[in-house]
Amino acid sequence: MAWKVVSRLLKLSSLPVVSALVYSFPDCTTVPLRSSAVCDTSLTPLQRAKSLIEQFTVDELISNTVNLSPGVPRLGIPAYQWWSEALKHGVALSPGVTFAQTGNFSFATSFPQPIVLGATFDDELIKSIAAIISTEARAFNNFGRAGLDFFTPNINPFKDPRWGRGQETPGEDPFRISRYVFNLIQGLQGGINPRPYIKVVADCKHYAAYDLENWMGNSRMSFDALVTNQDLSEYYLLPFQSCVRDAKVASVMCSYNSVNGVPSCANSYLLQTILRDNWGFNDEDGQWVTSDCDAVDNIFSTHHFTSTFPEAVADALKAGTDIDCGNAYSLHLPDAFNQSLITRSDLERALTRQYTSLVRLGYFDPPEQQPYRQLDWSNVNTPEAQRLAYQAALEGIVLLKNDGVLPLSQRIKRLALIGPWANATTQMQGNYQGIAPFLISPFLGGVNAGYDVEFALGATISGTSTAGFAEALTTARSADAIIFAGGIDETVEREGLDRVTIDWPSSQLELISRLGELGKPLIVLQFGAGQIDGTQLKHNKTVNALLWGGYPGQSAGTALFDILTGKATPSGRLPTTQYPADYVNQVPMTDMTLRPASANPGRTYIWYQGAPVFEFGFGLHYTTFNLSWQEVPAATYSISTLVRQGQGGNLDLLPFDTFTVTVRNDGELTSDYVAMLYIRGDGGPEPRPNKQLISYERVRGIQPSRSGTASLAVNLGSVARADEMGNLWIFPGTYELAVDTSPVLLSHQIQLMGDPAQITFFPQEAASK
């Protein structure tokens, strides 16, 4: 959404937001709705919505195409705000959400940011957290404090470490994001295409190829993302396919940028050919498209795609953008209608989609018949919600380095906690946050863990000042151990702001070096979503341990110290690649290509040709694991036999095989283990991927000298590759299956035999006339 709006919201991060709209429900027990077909529960949601929309005048149709819809009072339809937020980590500050000043509904559970949830590789946890968020959202809605539609999740792959909004995503890998969103949507909406009611409407954003804010004069409001069908198919659109086709999300948000010359919100190839015709986004289920906020305006004002505003809004509406988050529709659709650029049926189609979705949400039905309408304040921040917020932070923290100093010795009593994150509170939430019930800072986490803790700021997120060094060093000298909490935060990475460097802040590195000279145990905590070059810390022997924590939410301090003390053990895996700092000089953010080329070292762990500082999927433990195949996998697979399994449907979802791994804990501490299965091989055209993640599973609580089992199911789509047109093929060749990374703990070679087989057909854009 528009940065000029969001920046104002984020400045209110510690204060309740007062909404101009108090939500109410239509009343089907009184006139004028009492005899209306929209209240007839024997009809389908689409029939009910159509019967209502047919009664709107053209002016009423147009006025209700924007996010703050005035409704139609004469028909008993109240005003409605379509823009509420709950960016996967809790009901959030937004125009559609009102937090009370005190008491009931003055806060909501604040889970870790999606980048941390991505590091958990725990699908069951994601679904459970989403269910909590939608429960709290419904409770807020029942008391007029939120809508029923939430602009979440952000599932654009975090391809470039400079992107300011990477914190909102689960990471860089399209397979991981696809599994993440498949589970998240089920938790938010109450299942896959649930009946009779959707819990809340989720919204997969930003469609499509959006991962640039404002970099070196290139603005998202006018950027044209030039993307091949090959890259669209296997990377940029894969999470959206999972969200729409497989999880049946109820809405999608088109993005600010253009894709191959056409603004996303006016792009009929994206919004009709792919979204509706190919993935089955449909009117029967009331699935609708909203623009990002002001993106319809941008079609004319910044992309200059049309000659006039009426042409811009007409292009957007006819392409399939049903709701304008903004006011371009209300301002310019009247002229578009008068100029015969749109018809009444175009307007009715958009409004019918919206109101079909409201019918499916139970908007018109008696509350006593709906379990979601019974939720109230007692369902917010429950003990289970608090437990999940803590568990998510715990599972998402990644141990990057440890020379044996962790877990902390019981002899350590006095800690120096230093750095710009050492006493962080709201800082731990990241963006699109709500009002948290509590925020446990690293400092408070140390105090609660029983340590004598002294705090000193020492250094700032950015800048080169050394003014705080003296106090920090004095504090550190009197401690038994030093914990430096630093990295980056929203002052340098956020919506509207990309980075130009990925170095560790220089003053922080200098202070860490000075602290290391004191000869005391030194642990560094790295926060923030975008990875920063940790080469110096990795190789500096005076830095005994290094952990990544992202934006870990309300229980961060407790989770951190439970890991530092060994009360819990680390098991998170990096959801993105940590590149050397010079990466930013090797490829511009505007280059959307993935494969390596003369002016591109390759994007993500799949294609990057250099040596990462820490690679995607990296994560250490306090214990050691020994892996073995529970049953040795087959050596050969017949392509024709694999493909013949399919009787219609989506061949990419057909099973390839399930690989069962025994995970033995040979250490002394109980720990989870995330088994990650990769594939690489010589099949298909060059260049070929370094490797690709094709399955994962978190095995919980493996005790010392005991074993757990990881069942790694793989489908055909995961072992396929896209041709230049975007079609997926199974190619013959020799492939290696490998579990874990740096180092590989278990591997197996397989042969795919036979002729290449096409398993999907990527829709092609019609040639321009």
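Cut-offs used in this document
- Residues numbered from 1 in each chain as written.
- Predicted model: local features only at pLDDT ≥ 70, side-chain atom pairs only at ≥ 80, totals over all residues.
- Heavy atoms only, no water.
- Axes fitted to C-alpha atoms, helices over the stretch in contact; angles between N-to-C directions.
- Helix = DSSP H or I, 4+ residues; strand = E, 2+ residues; numbered from the N terminus.
- Parallel < 35°, antiparallel > 145°, perpendicular 65-115°, else oblique.
- Left-handed = near helix turned anticlockwise from the far one by under 90°.
- Contact = heavy atoms within 4.5 Å.
- Buried < 20%, exposed > 50% of the residue type's maximum accessible area, 1.4 Å probe, protein only.
- Lys, Arg positive; Asp, Glu negative; His and termini not counted.
- Salt bridge = Lys/Arg side-chain N within 4 Å of Asp/Glu carboxyl O.
- Polar contact = N/O pair within 3.5 Å; in protein donor to acceptor, adjacent residues only side chain to side chain.
- Pairing = 2+ DSSP bridges.
- Domains from an automatic or database assignment.
- Buried area = accessible area lost by both parts, 1.4 Å probe.
- Arc of directions from axis to C-beta.
- Core = buried A, V, L, I, M, F, W, Y, C linked by side-chain atoms within 4.5 Å.
- Phe/Tyr/Trp six-rings, centres within 6.5 Å; stacked < 30°, edge-to-face > 60°.
- Lys NZ or Arg CZ within 6 Å of the ring centre and 35° of its normal.

Q: Now, about the packing of helix α2 (residues 45-53) against helix α13 (residues 344-360): what can you tell me, with residues and values included?
A: Between α2 and α13, the least distance of the axes is 8 Å, while the angle of their chain directions is 130 degrees. By the angle between their axes, α2 is oblique relative to α13. Here α2 runs over α13; the crossing is right-handed. Residue-level inspection shows Pro-45, Leu-46, Arg-48, Ala-49, Lys-50, Leu-52 and Ile-53 of α2 in contact with α13, the latter providing Arg-344, Glu-348, Leu-351, Thr-352, Tyr-355, Thr-356, Val-359 and Arg-360.

Q: Explain the side chain of Asp-149 to me, using residue names and the numbers behind them.
A: Relative to the helices and strands, Asp-149 is located in the loop between α5 (123-142) and α6 (174-189). Within the buried core, Asp-149 has no salt-bridge partner, and the shortest N-O distance to an opposite charge, that of Arg-138, equals 9.2 Å. Within the structure, Asp-149 has its side chain in polar contact with the side chain of Tyr-80 (distance 2.3 Å). Residues in contact with Asp-149, not counting those within four places in the same chain, are Tyr-80, Trp-82, Ser-84, Val-201, Trp-288, Ser-357, Leu-358 and Leu-361.

Q: Any details on the sheet that holds strand β19 (residues 655-665)? Residues and values, ideally.
A: Pairing is antiparallel across the open sheet formed by three strands, whose spatial order is β17-β19-β22. Each edge of the open sheet is held by one strand with a lone partner, namely β17 (625-629) and β22 (707-715). Adjacent strand axes in the sheet meet at a mean angle of 30 degrees, parallel and antiparallel pairs treated alike. In this sheet, β22 lies alongside β19 in antiparallel orientation, the contact comprising nine bridges. Bridge pairing in β22 links Pro-655 to Asn-715.

Q: Quick rundown of the environment of Leu-331? Include the residues and the values.
A: Inspection of the secondary structure assignment puts Leu-331 in helix α12 (residues 328-338). For Leu-331, a relative accessible area of 52% corresponds to the exposed category. Through-space distance from the C-alpha of Leu-331 to that of Ile-679 is 52 Å; in sequence the pair is 348 residues apart.

Q: How would you sum up the domain arrangement of the protein? Please name residues and give values.
A: On domain assignment, one finds that the protein holds domain 1 (37-376), domain 2 (383-586) and domain 3 (625-760). Taken over C-alpha atoms, the centre of domain 1 sits 34 Å from the centre of domain 3. Each partner contributes to the interface: domain 1 provides 17 residues, whereas domain 3 provides 18 residues. Interface of domain 1 and domain 3: buried area, both sides summed, is about 1400 Å²; carbon and sulfur atoms make up 48% of it. When the shortest N-O distance is used, the salt bridge between Arg-698 and Asp-122 registers 4.0 Å. Taken together, the links from domain 1 to domain 3 amount to seven residue pairs in polar contact (both at pLDDT 80 or more). Among the secondary structure elements, those contributing two or more residues to the side of domain 1 that touches domain 3 are α5, α6, α7 (229-236) and α8 (238-246).

Q: Would you mind going over unusual backbone geometry in detail, with residue names and values included?
A: Leaving glycine out, the prevailing phi sign among residues is negative, and the prevailing peptide bond configuration is trans. In this model, Thr-152 is joined to Pro-153 through a cis peptide bond whose omega is 15 degrees. With respect to the helices and strands, Pro-153 occurs in the loop between α5 and α6. Residue His-206 is reached from Lys-205 by a cis peptide bond, and omega for that bond is 0 degrees. Relative to the helices and strands, His-206 resides in strand β3 (residues 203-207). A positive phi angle is found at Ser-705, which is not glycine, with a value near 65 degrees. In this fold, Ser-705 is placed in the loop between β21 (692-702) and β22.

Q: If you had to explain helix α16 (residues 469-477) to someone new, which residues and values would you point to?
A: Regarding α16, the residues found buried are Phe-469, Ala-472, Leu-473, Thr-475 and Ala-476. For α16, the angular spread of the buried residues around the axis is 160 degrees, confining them to a single face. Those residues of α16 that are buried lie in contact with β12 (414-418), β13 (452-456), β14 (481-487) and α17 (506-516).

Q: Which residues make up the pattern of salt bridges, and what are the values?
A: The final tally for this structure, using the stated rule, is 37 salt bridges. A salt bridge links Arg-414 to Glu-454, with the nearest nitrogen and oxygen atoms 2.0 Å apart. Note that Arg-414 is positioned in strand β12 and Glu-454 in strand β13, a separation of 40 residues in sequence. Using a relative accessible area of 23% as the deciding quantity, one classes Arg-414 as partly exposed. The class of Glu-454 is partly exposed, set by a relative accessible area of 31%. What emerges from the salt-bridge pattern is a single network uniting Asp-122, Glu-395, Asp-672, Arg-698 and Arg-700.

Q: A description of the nonpolar core should follow, citing residues and the corresponding values.
A: Judged by nonpolar contacts, the single largest core of 211 residues is most densely connected at Tyr-207, Leu-406, Ile-418 and Ile-523. When near neighbours in sequence (up to four residues on either side) are disregarded, Ile-418 contacts Ala-456, Leu-457, Gly-458, Ala-472, Ala-476, Ile-482, Ile-483, Phe-484, Ala-485, Leu-511 and Leu-515. Leu-627, Phe-656, Leu-677 and Ile-702 belong to the second largest nonpolar core, which has 38 residues in total.

Q: Break down the environment of Ile-730 for me, citing the residues and quoting the values.
A: With respect to the helices and strands, the residue Ile-730 is situated in strand β24 (residues 728-730). Separated by 46 residues in sequence, Ile-730 and Gly-684 place their C-alpha atoms 8.2 Å apart. In this structure, Ile-730 is in contact with Ile-639, Leu-716, Val-719, Ala-720, Leu-752, Asp-755, Pro-756, Ala-757 and Ile-759, ignoring residues within four places of it in sequence.

Q: Please set out the packing of aromatic side chains residue by residue, giving values where relevant.
A: For the coordinates displayed, the defined rule picks out 37 aromatic pairs. On the numbers, 5.2 Å between centres and 35 degrees between planes, the contact of Phe-105 with Phe-143 is tilted. With Phe-105 in the loop between β2 (80-81) and α4 (114-120) and Phe-143 in the loop between α5 and α6, the pair connects residues that are 38 residues apart, well separated along the chain. The exposure class assigned to Phe-105 is buried, which follows from its relative accessible area of 4%. Ring centres of Trp-163 and Tyr-210 lie 5.8 Å apart, and the angle between their planes is 85 degrees; on these two criteria the pair is classed as edge-to-face. Here Tyr-210 lies in the loop between β3 and β4 (214-215) and Trp-163 lies in the loop between α5 and α6, a separation of 47 residues in the sequence. By the burial criterion, Trp-163 is buried, and Tyr-210 matches it. An aromatic cluster is built from Tyr-23, Phe-25, Tyr-80, Trp-82, Trp-288, Tyr-363 and Phe-364, whose rings are joined through pairwise contacts. Residue placement shows Lys-205 over the ring face of Tyr-432; its charged tip is 5.1 Å from the ring centre. Positioned above the aromatic ring of Phe-614 is the side chain of Lys-538, whose terminal nitrogen or guanidinium carbon lies 4.9 Å from the ring centre.

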